[in-house]
Amino acid sequence: MIWEVFRQERKGQPFTHGGSFHAPDKAFADAYAREFYARRQESVALWVVPRDAIHAIEEFPDEFDLKYRRVDGYSIKARLKEARERAGTAAT
Amino acid sequence: MNAREQLLLELADDELILGWRNSEWTGIAPFLEEDVAFSSIAQNEIGHARALYDLVGAALGTDADALAFDRSPTEYRCAPLVQLRLVPDWARTIARHVLYETADAIRIERLKGHEDAELAGVAAKIEREELYHRLHAEMWLERLAGEERYAAAAEELWPFALGVLAPELRPVLAERVGRPEVEAVERSEPGEEFAALWEEMTMVRRSAPVGAQW
C-alpha cells in the first residue's frame, strides 16, 4: 500500500508534497512518516494519505483552443510601458 | 567504580551493542521502508549510549569514545540479549526488539525518579525517544504475534530478556510480557560472539594513531 506525505515546514505555511512510501497499514505509515519526514525536526506537521484516497485530475480538454480565455496570450509589457510614458511615471 | 557508574555503564553498553546489532540490518532489512526505520532506531540507541557514556565519563575522568571503543572485550557489561547476532532472522530480531524495549522502559521509568538530577534528566530524554521505538516494536508484534517462528523466538529469548534487568525489576517485566519468571541469562564476561563484534566495531579506532582528531 502506497502512502503520500504532505509536510508543513513551519506553522501557518501551506503543506507541500514530500514524497511517498510503502507501508502495510496506518500504524506502520505513522512510524515511517515520522522517521522519514520529521526525524530531524524538518516538519512541524504531516498529512499521511493513502494514495488510493487521492482523487487525481489530469485531463483538461481545450478542444476549441480558446486562447483568449487565458492571460498568457497577451504581452502587456509594451503596452504597460506606453501607458507609463503617457502618465509620466515611466521607470527610469 | 561505584554502583551508579556500574549501572550507567551496563545501560550504556546495552544501548551501544544493541544499536550495533540492529545496524547490521542496514541495507538488508525485509523492505526498504523498514530498512530506514530500523537503521534510524539503531542510531537512536547509539545516541543514548553516548549520553550515558558522557555521564560515566565525567565521573571517571574519561570520555564517551574511550568508554565505547577503548576497553577490552571482556570489560563490557552488556546483557547477553543484546550480544546475540540475529541477522538474517527477522523473527528473532523483532522478538528481541519487543522484549528489550519492554525491559528498557521499566528501568528507564525507575531512573527518571533517580535522586541524581542529571541522570534523571538523561533518562527523561531517552524515554521520549524510546516511546517511538516501543510503538515500532508493538506494531511488529501485532503483525507477527500469531506466527510460529515468532512464538519460538520469543520463548527462546525470554530468559535473556530477564537478564537485562536487575533482579528486583524482573517481576514487573514478567507481568508486562505475560510470561512466568524463569532462570535469567545473567550478565557475565562477554564471549566469542561479542569478541567478533568488538573486533569490527573498534577496528577503525584501533587503526588510528593515539590522540587522532576526527
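This text goes with the structure placed above it.
Quick caveat, the model's predicted, so the values are computed rather than measured.

Asker: Explain the interface of chain B and chain A to me, using residue names and the numbers behind them.
Answerer: In this complex, chain B contributes nine residues to the contact, which on the side of chain A involves eleven residues. The set of elements that each furnish at least two residues to the side of chain B that touches chain A consists of α2 (32-60) and α6 (117-144) of chain B. Of the residues that constitute the side of chain B that touches chain A, the class distribution is six nonpolar, two polar and one charged.

Asker: Which residues make up the packing of helix α5 (residues 90-112) of chain B against helix α8 (residues 170-177) of chain B, and what are the values?
Answerer: Residue and element names in this part refer to chain B. In the contact formed by α5 and α8, the axes pass within 10 Å of each other and the chain directions differ by 135 degrees. In terms of axis orientation, α5 runs oblique to α8. Between α5 and α8 lies a crossing of right-handed hand. Each of L99, T102, A103 and I106 in α5 lies in contact with α8, whose residues at this interface are V172, L173, R176 and V177.

Asker: Account for the sheet that holds strand β3 (residues 45-50) of chain A, with residues named and values stated.
Answerer: All names here are of chain A. Taken in spatial order, the three strands line up as β2-β1-β3 in an open sheet, and their pairing is antiparallel. Unpaired on one side and paired on the other, β2 (16-22) and β3 mark the two borders of the sheet. Looking at each pair of strands side by side, their axes are set apart by 25 degrees on average, direction ignored. Sheet analysis places strand β1 (residues 2-8) next to β3, joined by six bridges and oriented antiparallel.

Asker: I'd like to hear about the packing of helix α1 (residues 26-37) of chain A against α2 of chain B, residue by residue, with values.
Answerer: Where α1 of chain A contacts α2 of chain B, the two axes come as close as 10 Å, and the packing angle between them is 65 degrees. Considered as vectors, α1 of chain A and α2 of chain B are oriented roughly perpendicular to each other. In the packing of α1 of chain A onto α2 of chain B, the handedness of the crossing is left-handed. For the pair α1 of chain A and α2 of chain B, contact is made by A31, Y32, E35 and F36 of chain A and by E33, V36, A37 and S40 of chain B, respectively.

What counts and what doesn't
Residues numbered from 1 in each chain as written. Chains lettered and ligands numbered in written order. Predicted model: local features only at pLDDT ≥ 70, side-chain atom pairs only at ≥ 80, totals over all residues. Contact = placed C-beta atoms within 7 Å. Helix = DSSP H or I, 4+ residues; strand = E, 2+ residues; numbered from the N terminus. Nonpolar A, V, L, I, M, F, W, Y, C, P; charged D, E, K, R; others polar. Axes fitted to C-alpha atoms, helices over the stretch in contact; angles between N-to-C directions. Parallel < 35°, antiparallel > 145°, perpendicular 65-115°, else oblique. Left-handed = near helix turned anticlockwise from the far one by under 90°. Pairing = 2+ DSSP bridges.

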